[in-house]
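Take a look at the letters that make up each chain.
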Amino acid sequence: MRKTGWRFHPLFRAVFAAALVLAITGANLAPAAAVTWADVNELKDEANSLDAEKEELQAKLDELADDKSQAVARKQMCQMAVLKFQQMDGLNTALPMGVRKINAFRTLTTESLAVFIPFKVQEIQDKGGIYFGATGCGKTYTMLFLSRLLMLRDRDTFHNPTIVLITDREDLDTQASKLFVTAKKYLHDENVRSIETRADLRETLSGRESGGVYITTIQKFCEGIGVLSERSNIICISDEAHRTQTGVGAKLKKTDKGVYTTYGFAEYLRRSFPNATYCGFTGTPIDEAIAVFGDIVDSYTMKEASDDGITVRIAYEPRLVRVILSEDDAKEIQKYYNRCAEQGANEEQIEESKRAMSRMTAILGHPDRLKKLAADIIQHYETLCAEKPEIVQNAMIVCADRKLAFRVLKEILKLRPDWGIAKKCEDESSVSAEDLEQMTEIPKINLVATRNPDDEKELFALCGTKEYRQKLDQLFKDTKSNFKIAIVVDMWITGFDVPSLAVMYIDKPLQKHTLIQTISRVNRVFEGKDKGLIVDYI
């Protein structure tokens, strides 16, 4: 405690110190050595300065102590949150089996967002922030945990909010719906379901006063929907926030009837909920996403996910030299990537990009090159499987366009015709008679692509219907199925989870977020899988 009183005043201390020195030394009090009021004032100023410095240092120490206390409190809060997620409300019975393995990092992520979003709601600001999570780390689960926190926390702020989970693809909508609908008890709300149509969207959310968790696609929002609710306690959580979820700007469209303005789905979404708060989840936080949703609030990187065992590491193997025909072709490919890096958007640059892609396609589709490519993929895949014959190892071949994909399939079947024979599984002796009865006959390698009316007859038939492609989806994920190698162009390279996918052969130019999303298909955890392999041919 700091002492007070006249005996401890700086002026008294200064005079007393001077007198004591004189008394001890017996110094002569000659006028020249006398202590003047100027000396006293100087000593007083120095003492005051020292006191001020001491107070400043004490303030800094107090501030550091406060910071330490806050850090300790934050750590304790996070630890409590982990315990809550593991113990509260009969968690193991409230959640579906697939969600019971709860990871601390997801808890911490939702804590960060749950602290950040209420401020945005109170200020009626639409930007709720971005969560940057490595692809494959479980962002859908994190969205579920966040939804629970928003439903149960800060009741004075949220007043029983309505949460709308926005996806941009039907398969992602289905995946999220399955998880959320089975977790109604965990969310403490029975109004948890998928919005099926625009009419359903309008009927369900128009004028709704509170509560509910709804999953829908952003494509359902259009000019005709109009304002659904002006409430401020609506939280829109956008999955894959780097894609169609950022289309809030206007574009001019020229047709035979004239020029008119069009808007992206994200703009119509915001018109439907003008006072809502929007937060984004993405594995690739591009600048456009940050501009629309706000800054990154929390992140979980690929390395962190791999270190924690949430995903496996990704290994890269370049094999361009094995299929390139000439040095000129290699230079032409590099020129193409250099042009892509320029990122132009005017009409001339778009036309130049089309010409560059045309030249690239001519190189990739050279008959001799395709023969080399097919032979190398076969050799590489068979060697990979021979190293671990006891482990299921699916493969994916990514081609630049549908015609090239079809040609690659035919070249592979020339060398391995048995891969094109429909079977129920590779080794029927390894499957029980009961399981075998339920299985579907299918070739080992299949092309997965949508139809085009201009396709040649064989390609058109091979692509099949939507129902056929859905069946391919199921069979590729079935580790017992004979279907082990998928040839794709755009389908299945984003938002498609197959844990047994061990290797991806890339023969397509990929850039930015599409590249990251594509290569991340191989990072899912699977028994016996220590890494996901990317084999790059361009």
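Residues numbered from 1 in each chain as written. Predicted model: local features only at pLDDT ≥ 70, side-chain atom pairs only at ≥ 80, totals over all residues. Heavy atoms only, no water.

A. A look at the sheet that holds strand β14 (residues 501-507). Reading across the sheet, the six strands line up as β10-β15-β14-β11-β13-β12 and stay open at both edges, with parallel pairing between neighbours. With one partner strand each, in any of the chains shown, β10 (313-318) and β12 (445-448) form the two edges of the open sheet. Adjacent strand axes in the sheet meet at a mean angle of 20° when their direction is disregarded. By the bridge criterion, four bridges tie β14 to strand β15 (residues 531-536) in an arrangement that is parallel. Counterpart to Y505 in the pairing with β15 is V535. Each of β11 (394-399), β12 and β13 (485-488) touches helix α16 (residues 402-415); the most contacted strand, β12, lies at about 175° to it. Of the strands in this sheet, β11, β12, β13 and β14 touch helix α19 (residues 466-477), which is tilted by about 135° from β12. (Pairing = 2+ DSSP bridges. Helix = DSSP H or I, 4+ residues; strand = E, 2+ residues; numbered from the N terminus. Axes fitted to C-alpha atoms, helices over the stretch in contact; angles between N-to-C directions. Contact = heavy atoms within 4.5 Å.)

B. Highlighting the sheet that holds strand β3 (residues 192-194). If you trace the seven strands from one edge of the open sheet to the other, you get β3-β4-β2-β5-β8-β1-β9, paired in parallel fashion. This sheet does not close on itself; its edge strands, each paired only once, are β3 and β9 (296-300). The sheet shows a mean angle of 15° between the axes of neighbouring strands, taken without regard to direction. Here four bridges tie strand β1 (residues 127-133) to β9, and the two strands are oriented parallel to one another. Bridge pairing in β9 places Y131 opposite D298. Lying on the sheet, helix α5 (residues 139-152) is in contact with β1, β2 (162-167), β4 (213-217), β5 (234-239) and β8 (277-282); it crosses β8 at an angle near 155°. Together, β2, β3 and β4 form the strand contacts of helix α9 (residues 198-205), whose direction differs from that of β3 by roughly 155°.

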